[in-house]
Amino acid sequence: MQSVIKVSNLTKQFKGLTAVNDLSFTVNKGDVYGFLGQNGAGKSTTIRMLLTLIAPTSGNIELFGMNLKKHRSEILRQVGAVVEKPDVYKYLSAYENVSLFAKLSGITVTNKLVMDQLEMVGLASRAKDIVKTFSQGMKQRLGIGIALVHNPQLIILDEPTNGLDPQGIADIRNLILRLSKDMGKTIVVSSHLLSEIEQVASRLLIIDKGKKLVEGNAHELFDPAQTIVEIETTNNSLALQQLQQSNWRNLLQPQRGQNILLKLHRNDVPALHRGLVEMNVEVISFQPRHNLEDFFLQITSNNQHVQAFTN
Amino acid sequence: MYKLLQIELYKIFKRPRTYISFLAITALVGVIQLGLVKNGDDYVNFVMGNVMQSFSFDGKLLNGYLVCYILLQLLLVHVPLLIALVAADMISGEANMGTLRLMLTKPISRTQFLMAKFLASAIYTFMLLVWIAFLALFVSMFLFGVDDMVIQKTNYLVQLPVDDVFWRYTGAFGFALLSMLSVAALGFFLSSFAENSIGPIVATMSVIIFFTILSTMSIPLFQKIQPFLFTTYMVNWKEFFDPKVNADNAVIVGSLHKPERIITSAIVLIFHIIGFVGATMVIFKRKDILS
């Protein structure tokens, strides 16, 4: 497998504080690489080092098989990024911003290129409006449009769903999946929201206090026997009573909110679905997911911060 | 590099803030010219009252050349503040907006980035001075006509023949450009430390005001440090209006009384520009972008 990013023993210290501590990881071509950690874990510092915004204290970074320090310009031509907030020039229009950053990326800018990009992120109709009038979600989409305008092979998105409403989050998620599956891009996406990463990432890196906790394929990191199913019905208390009287009772989990939770093996999910139908339970939603929160509890000792992390 | 410079200029001239300086200059020059059109002769009599009694001038004393000189004396002290408004915002403004990190993830080196930014602020400075020259010199020439230029020095009057004035203004504006570029370089340097626009703008203005006061006060303590303040050299555009005179006290056309002062001042200012921009490069190239 061809590696796009290869980070070896990366360390960054700020006046006595070690933000990133001997971090090594590899991102392969075509990966959607989820970069997870709580706020302050060192995700953004690492991403900034990948983009040469911050100089490492020690360690080595290779992108596309080239040393980042020695081949900076050559490498950055193939990288598109949104680092934290998608800040652009607020006194310029969306069109002007995309055009300006496309020129900086060293490509020939045409009206079609800029409008196609704005179309892709759903801002074509607002192309001539100045960014000052945009909502947070629109700015986020514009930032992504700018990151993609020069057709980069590697896309780095740092907390891309920050400040977005549910529809905005879903749009970004779909865009990431489309870029990966349809266009074969390699994507690094960081987040402190586990549920977001879970839905898009093929591989995961979890860091805490600047250190790697775990890295691997998403499906290998989660035990299929720990799959959680969240059920919403027309009458949750009645459905819960029926489940308590059935063979599924031992799998019921303490409720979080109104919905019913069961922990079971992934292979048993269809049987549960059938069972609910047989019990005449009117299901509104039925959502199986990996229990990433539990996974975190397994790999970290600090319960309190994991709780904060997963909420 | 040329493309980067184009982009920087585009950004500068797309910001409404940029035009504050041009509007301020236009308003100030316009008001003074209006005042001099109405009461210019009274003003000249008031300023030159004593010497006029022992001096006869056959011509138009209040002409465009003199008006431009009056305007420059008033303006060139304050223009640095307007230069600071743009130059001191060049890097810190990007950090404040959050666009600095996006700019620096593009395949341009930090040296190119800084050079383009400084050149753009130099071009802005040049354009502002061209605008001042247009309003203060050419508009004044149109409104007041031209004649010999009589200016009052500390102990004497200088009468420059009408044909010997324009080149002196060309030199004075060229020198003023160097002075203003040193202010721009200072603002640029201070801009590299901050992540908001206000701090470096105010700091640049404060340094200029403080140094200018120290440079102009004739107090022995201050006079000792004046050679070390670059603001001392910024006002030497006036040397272009100090010609040599012959034995009959007549001006030698095309001459300068102390050209070495102009040359020394220009060298000092150029060194300051190179020093400030060089220091900015060294600091900024090592800087972690955390904004």
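Values in this document were obtained by computation on a predicted structure and should not be read as measured data.

Draft legend 1. Highlighting the overall build of chain B. Each helix and strand in chain B was counted, giving 13 helices and two strands. Over its C-alpha atoms chain B spans a radius of gyration of 21 Å, differing by no more than 12% from the 19 Å that the globule rule assigns to 291 residues. Along the longest, intermediate and shortest principal axes, the C-alpha atoms of chain B span 70 × 40 × 30 Å. Put simply, chain B has 291 residues, and 41% of those count as buried. If you take every contact in chain B between residues at least 6 apart in sequence, the share linking residues at least 24 apart comes to 78%.

Draft legend 2. Structural view of the sheet that holds strand 3 (residues 32–36) of chain A. Residues and elements named next belong to chain A. One open sheet holds the six strands; their spatial order is 6-7-8-3-9-10, and the pairing between them is mixed. Looking along the sheet, the strands with just one partner apiece sit at the ends: strand 6 (79–82) and strand 10 (211–217). Mean inter-strand twist for the sheet, computed between neighbouring axes without regard to direction, equals 15°. Pairing of strand 6 with strand 7 (residues 154–158) involves four bridges; the strand directions are parallel. Counterpart to Gly 80 in the pairing with strand 7 is Ile 155. In this fold helix 6 (residues 166–181) packs onto strand 3, strand 7 and strand 8 (186–191), with an angle of close to 155° to the strand it touches most, strand 8.

Draft legend 3. Spatial organisation of the nonpolar core. Residue and element names in this part refer to chain A. If you look at the biggest cluster of nonpolar residues, it comprises 148 residues, and the most contacted ones within it are Ile 156 and Val 189. For this core, the domains that each give at least three residues are domain 1 (3–78 + 153–221) and domain 2 (90–151). Not counting chain neighbours up to four residues away, the residues in contact with Val 189 comprise Val 32, Gly 34, Phe 35, Leu 157, Pro 160, Ile 176, Ile 197, Val 200 and Ala 201. Core analysis: the second largest hydrophobic core is formed by 10 residues, Val 229, Ile 231, Trp 248 and Val 281 among them.

Draft legend 4. Structural context of the interface of chain B and chain A. Listed per partner, the contact involves 19 residues of chain B and 23 residues of chain A. The set of elements that each furnish at least two residues to the side of chain B that touches chain A consists of helix 1 (2–14) and helix 7 (99–103) of chain B.

Draft legend 5. Fine view of helix 10 (residues 198–216) of chain B. All names here are of chain B. End to end, helix 10 covers 27 Å across 19 residues, agreeing with the expected 27 Å (1.5 Å per residue, within 8%). Of all the positions in helix 10, only Pro 200, Ile 201, Thr 204 and Ile 208 are classed as buried. Taken around the axis of helix 10, the buried residues stretch over an arc of 105°, which confines them to a single face. Counted as exposed and oriented over 90 degrees from the buried face of helix 10: Ile 198, Ser 206, Phe 210 and Ile 213. Elements that come into contact with the buried residues of helix 10 comprise helix 5 (79–87), helix 6 (92–97), helix 9 (166–191) and helix 12 (230–234).

Draft legend 6. Expanded view of unusual backbone geometry. All names here are of chain A. Notably, Asn 9 is not glycine yet its phi reads approximately 50°, a positive angle. Along the chain, Asn 9 falls in strand 1 (residues 3–14). Residue class for Asn 9 comes out exposed when judged on the 12 C-beta atoms lying within 10 Å of it.

Draft legend 7. The arrangement of the pairing of strand 2 (residues 157–160) of chain B in detail. Residue and element names in this part refer to chain B. With four bridges joining them, strand 1 (residues 149–152) and strand 2 adopt antiparallel strand pairing. The partner of Ile 151 across the bridge, within strand 2, is Val 158. Where strand 1 folds back on strand 2, the antiparallel hairpin that results is connected by four residues.

Draft legend 8. Representation of the sheet that holds strand 14 (residues 283–289) of chain A. Residues and elements named next belong to chain A. An order of 12-13-11-14 is seen for the four strands of this open sheet, with the pairing classed as antiparallel. This sheet does not close on itself; its edge strands, each paired only once, are strand 12 (252–253) and strand 14. Bridge count between strand 12 and strand 13 (residues 260–264): two bridges; the pairing is antiparallel. Within strand 13, the position partnered with Leu 252 by the bridge is Leu 262. Of the strands in this sheet, strand 11 (227–233), strand 12 and strand 13 touch helix 9 (residues 236–244), which is tilted by about 30° from strand 13.

Draft legend 9. Geometry of the packing of helix 2 (residues 16–47) of chain B against helix 8 (residues 110–144) of chain B. Residue and element names in this part refer to chain B. Running from amino to carboxyl end, helix 2 crosses helix 8 at an angle of 20°, the nearest separation of the two axes being 10 Å. Classified by the angle their axes make, helix 2 and helix 8 are roughly parallel. Here helix 2 runs over helix 8; the crossing is right-handed. Across the interface between the two elements, Ser 21, Phe 22, Ile 25, Thr 26, Val 29, Gln 33 and Val 37 from helix 2 touch Leu 128, Trp 131, Ile 132, Leu 135, Ala 136, Val 139, Ser 140 and Leu 143 from helix 8. Per-class residue counts for the contact of helix 2 with helix 8 are 11 nonpolar, four polar and no charged.

Criteria and thresholds
- Residues numbered from 1 in each chain as written.
- Chains lettered and ligands numbered in written order.
- Predicted model: local features only at pLDDT ≥ 70, side-chain atom pairs only at ≥ 80, totals over all residues.
- Helix = DSSP H or I, 4+ residues; strand = E, 2+ residues; numbered from the N terminus.
- Rg over C-alpha atoms; globule rule 2.2 N^0.38 Å.
- Buried ≥ 20, exposed ≤ 12 C-beta atoms within 10 Å, placed from the backbone.
- Contact = placed C-beta atoms within 7 Å.
- Pairing = 2+ DSSP bridges.
- Axes fitted to C-alpha atoms, helices over the stretch in contact; angles between N-to-C directions.
- Core = buried A, V, L, I, M, F, W, Y, C linked by C-beta atoms within 7 Å.
- Domains from an automatic or database assignment.
- Expected span 1.5 Å × (residues − 1).
- Arc of directions from axis to C-beta.
- Parallel < 35°, antiparallel > 145°, perpendicular 65-115°, else oblique.
- Left-handed = near helix turned anticlockwise from the far one by under 90°.
- Nonpolar A, V, L, I, M, F, W, Y, C, P; charged D, E, K, R; others polar.

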